[in-house]
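Breakdown of the fold
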Amino acid sequence: VTNYHVVENAEELTVTLADGEIYPAEVVGVDPSNDLAVVRVDVDTLPQPVALGSSDDLRVGEFVVAIGNPLGLDRTLTVGVISSLGRVIQGPDGRFIGEAIQTDAAINPGNSGGPLLDLEGRVIGVNSQIISPSRASAGIGFAVPVDTVKRVVPQLIDQGRYAHPWLGVQPLSLTPDRASAFREAGVDVTVDEGLLLVEVVRGGPAEQAGLQGGDEIVQLGNFQIALGGDIVTAIDGELVTDLQELTVYLETQTQVGDTVEVTYVRDGVEERVPVTLTERPQ
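The structure presented is a predicted model; accordingly, all values stated were derived computationally and were not measured. (Residues numbered from 1 in each chain as written. Predicted model: local features only at pLDDT ≥ 70, side-chain atom pairs only at ≥ 80, totals over all residues. Heavy atoms only, no water.)

**A word on the layout of surface pockets**
The space that makes up the second largest pocket amounts to roughly 370 Å³. Only strand S11 (165-166), strand S12 (169-174) and helix H4 (243-253) provide two or more residues apiece to the lining of the second largest pocket. Of the residues forming the lining of the second largest pocket, the biggest block, five residues, is contributed by H4. Residue classes in the lining of the second largest pocket are distributed as eleven nonpolar, four polar and three charged. (1 Å grid on protein atoms, 1.4 Å probe; cavity = no way out; pocket = protein on both sides within 12 Å on 5 of 7 lines; lining within 4 Å. Points joined across faces, edges and corners; volume = space filled by probe spheres on them. Helix = DSSP H or I, 4+ residues; strand = E, 2+ residues; numbered from the N terminus. Nonpolar A, V, L, I, M, F, W, Y, C, P; charged D, E, K, R; others polar.)

Laid out in structure tokens, this is it:
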């Protein structure tokens, strides 16, 4: 159980263990994009840590257990099943978290940060958020998968942050309706789906690989959009049609320093280029 309270305009963090003892603590790393943080407790002897499982081989229908402090009721356990896998949810900073676990185990405000366990008592996820008009459990809860925790937490401990892979582009999702609207505006759009590169960040990975952003400003309604840039259609052979798919692929399948093959269309011709990912600017 973690408790925040303000002392003389300074945020103080304490951790209360199951035996009622309260210890000072500090946040050593935070990653809002994955809704995860690491807290260090200043205590000589800690309880035995819970074993980490794997979220790679989970199946819909498996029974799971959620532990937390919903609505201030500490040490509450609820039971349910895995309702779905591979969900995409949003982190506190508005970015996408991929591979989330959906469960109908009752999760309410106060469960966030608690473990989602399998029936062997292994952590398979960290409870994150719910969908509910009333903010009470409606049987649709989500947990950040433990494989994401395993990837992110070591960097939070070592560096205080997580290095997110970055392509260095500002894309616009291309749909058949948008493509038709662009053609009516006089812009030659040769495909109907993909990521239209409105801007390629100067000095970023995409620019260094030769990808090009838009250079033709078109007025569409109340908006001005830079068109004429490359249209990305796939990363490493995986089709991408919107920013969500691009973000989830980079976050779950790549790391900083990896080289990916970007498939794009320029002047009606499909081409491929290797792009070495760098760290997303903080």
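**Some details on the pairing of strand S15 (residues 223-227)**
Here strand S14 (residues 216-220) runs beside S15; their pairing, made up of five bridges, is antiparallel. Within the sheet, the bridge partner assigned to Ile217 lies in S15 and is Ala226. Linkage of S14 to S15, two consecutive antiparallel strands, is achieved through a turn of two residues, within which Gly221 is found at a positive phi near 65°. (Pairing = 2+ DSSP bridges.)

**Description of the sheet that holds strand S9 (residues 123-130)**
What the six strands build is a closed barrel, ordered S5-S6-S7-S10-S9-S8; its pairing is antiparallel. The sheet shows a mean angle of 50° between the axes of neighbouring strands, taken without regard to direction. Strands S9 and strand S10 (141-145) of the sheet are contacted by helix H1 (residues 146-159), whose axis makes an angle of about 45° with S10. Packing against the sheet, H4 makes contact with strand S6 (76-90) and strand S7 (96-103), and its axis sits at approximately 85° to S7. (Axes fitted to C-alpha atoms, helices over the stretch in contact; angles between N-to-C directions. Contact = heavy atoms within 4.5 Å.)

**Brief notes about the nonpolar core**
Core analysis: the largest hydrophobic core is formed by 19 residues, its most contacted members being Leu167, Leu211, Val232, Ile235, Val262 and Val275. Put simply, the parts of the chain that give this core at least two residues each are strand S13 (194-200), strand S16 (231-235), H4, strand S18 (259-266) and strand S19 (269-276). Setting aside residues up to four positions removed in sequence, Ile235 forms contacts with Val240, Leu246, Tyr249, Val260, Glu261 and Val262. Ile97, Val126, Val146 and Val149 belong to the second largest nonpolar core, which has 17 residues in total. (Core = buried A, V, L, I, M, F, W, Y, C linked by side-chain atoms within 4.5 Å. Buried < 20%, exposed > 50% of the residue type's maximum accessible area, 1.4 Å probe, protein only.)

**Focus: the pairing of S9**
S9 sits mainly inside the fold: six of its eight residues count as buried. Hairpin remark: strand S8 (residues 115-117) followed by S9, antiparallel, with five residues in the connecting loop; positive phi at Gly121, about 80°. Here five bridges tie S9 to S10, and the two strands are oriented antiparallel to one another. By the bridge assignment, Gln129 is partnered in S10 with Phe142.

**A closer look at the pattern of salt bridges**
Tallying each qualifying case throughout the model produces nine salt bridges. A salt bridge links Arg161 to Glu279; its shortest N-O distance comes to 2.3 Å. Highlighted residues: Arg161 in the loop between H1 and S11 and Glu279 in strand S20 (residues 278-279), separated in sequence by 118 residues. Between Asp192 and Arg183 there is a salt bridge, with its nearest N and O atoms 2.8 Å apart. Salt bridges linked by common partners bring Glu261, Glu270 and Arg272 together as one network. (Salt bridge = Lys/Arg side-chain N within 4 Å of Asp/Glu carboxyl O.)

**Quick look at the side chain of Ser84**
Mapping Ser84 onto the fold places it in strand S6. By relative accessible area, which is 13% here, Ser84 ends up buried. Separated by 3.4 Å, the side chains of Ser84 and Arg87 make a polar contact. Aside from chain neighbours lying at most four places away, what touches Ser84 is Val60, Ala100, Ile101 and Gln102. (Polar contact = N/O pair within 3.5 Å; in protein donor to acceptor, adjacent residues only side chain to side chain.)

**A few points about a nonpolar patch on the surface**
Together, Phe63, Ile67, Leu77, Val79 and Leu119 make up an exposed nonpolar region whose accessible area comes to about 490 Å². Note that Leu119 resides in the loop between S8 and S9. Owing to a relative accessible area of 58%, Leu119 belongs among the exposed residues under this scheme. (Patch = residues over 30% accessible without salt bridge, like charges linked within 9 Å, V, L, I, M, F, W, Y side chains within 5 Å. Areas by Shrake-Rupley, 256 points an atom, 1.4 Å probe, with all protein chains shown as cover.)

**Some thoughts on empty space enclosed by the protein**
Tallied over the full model, the rule gives one cavity of 30 Å³ or more. When its volume is computed, the largest cavity comes out at roughly 30 Å³. If you trace the largest cavity, you find it lined by Asn34, Phe96, Ile97, Gly98, Thr148, Arg151, Glu251 and Thr252. By residue number, the principal contributor to the lining of the largest cavity is S7, which donates three residues. For the lining of the largest cavity, a count of residues per class yields two nonpolar, four polar and two charged.

**Remarks on the environment of Asp35**
Tracing the backbone through its elements, the reader meets Asp35 in the loop between strand S3 (22-31) and strand S4 (36-41). Spatially, the C-alpha atom of Asp35 lies 7.9 Å from that of Val144, the residues being 109 residues apart in sequence. Other than its neighbours up to four places away in sequence, Asp35 contacts Pro92, Ile97 and Ser128.

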